[in-house]
Amino acid sequence: MLDNCIFCKIGNGEIETEFLYKDDTVCAINDINPVAPVHILIFPLEHIDEIGDEELRGSRWMGHILYVSKKVADLTGIKDSGFRIVINQGSDSGQEVQHLHAHVIGGRPLGSLG
Ligand code: AMP
Ligand code: ZN
């Protein structure tokens, strides 16, 4: 838990949010500013700062996030039509929140990367 981290606060219930999915390690919520009909964020309940953190070395975090991404895609009806999983890193990517998270985006044709 990092003070002033919005995703820590959401994950531990300090900020009330509807969870699409939650288990003992990660949760999934709707993005407050969706870029597509389905836009979900999946993040660890524990504060992990970013890709490359030592805690991720050899860990199962990312595998679990990928596993949950298909689960929430199924829940929101985009599993068969397809979706994109995005992790922003750094200012050129537009990253706003410094707590590891993956975006699951779908519900419309997404075009090419970039
Ligand atoms: P990123 O730009 O990759 O750091 O993504 C951060 C995302 O978090 C953005 O898409 C924001 O719209 C979203 N976001 C910020 N605050 C909230 C919140 N309270 N609830 C849901 N989504 C949020
Ligand atoms: Zn955090």
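This text follows the structure it describes.
Residues numbered from 1 in each chain as written. Chains lettered and ligands numbered in written order. Predicted model: local features only at pLDDT ≥ 70, side-chain atom pairs only at ≥ 80, totals over all residues. Heavy atoms only, no water.

Peer 1: Explain the coordination of the zinc ion (ligand 2) to me, and be specific about the residues and the numbers.
Peer 2: The protein atoms donating to the zinc ion (ligand 2) are Cys5 (SG), Cys8 (SG), His47 (ND1) and His99 (ND1), with metal-donor distances spanning 2.0 to 2.3 Å. Each of the four donor atoms around the zinc ion (ligand 2) contributes to a set of angles spanning 103 to 116°, which defines the coordination as tetrahedral. Sequence positions of the donors to the zinc ion (ligand 2) reduce to the motif C-x2-C-x38-H-x51-H. Of this pair, Cys8 sits in helix α1 (residues 6–11) while His47 sits in the loop between β3 (38–44) and α2 (61–75), and the two are 39 residues apart along the sequence. For the pair shown, Cys8 and His47 are each scored as buried. (Donors = N, O, S within 2.8 Å, 3.2 Å for Na, K, Ca; no water. Tetrahedral: all angles 85-135°; square planar, octahedral: opposite > 155°, others 65-115°. Helix = DSSP H or I, 4+ residues; strand = E, 2+ residues; numbered from the N terminus. Buried < 20%, exposed > 50% of the residue type's maximum accessible area, 1.4 Å probe, protein only.)

Peer 1: Give me the lowdown on the pairing of strand β1 (residues 19–22), citing residues and values where you can.
Peer 2: Bridging between β1 and strand β2 (residues 26–30) involves three bridges; their strand directions are antiparallel. Paired with Tyr21 across the bridge in β2 is Ala28. Hairpin connection of β1 to β2: three residues between the antiparallel strands. (Pairing = 2+ DSSP bridges.)

Peer 1: Describe the packing of aromatic side chains, with residues and values.
Peer 2: The final tally for this structure, using the stated rule, is one aromatic pair. Relative to Phe43, the ring of Phe7 has its centre 4.4 Å away and its plane inclined at 10°; by these criteria the two rings are stacked. Placement of Phe7 in helix α1 and of Phe43 in strand β3 is noted, with a sequence separation of 36 residues between them. Each member of the pair Phe7 and Phe43 is classed as buried. (Phe/Tyr/Trp six-rings, centres within 6.5 Å; stacked < 30°, edge-to-face > 60°.)

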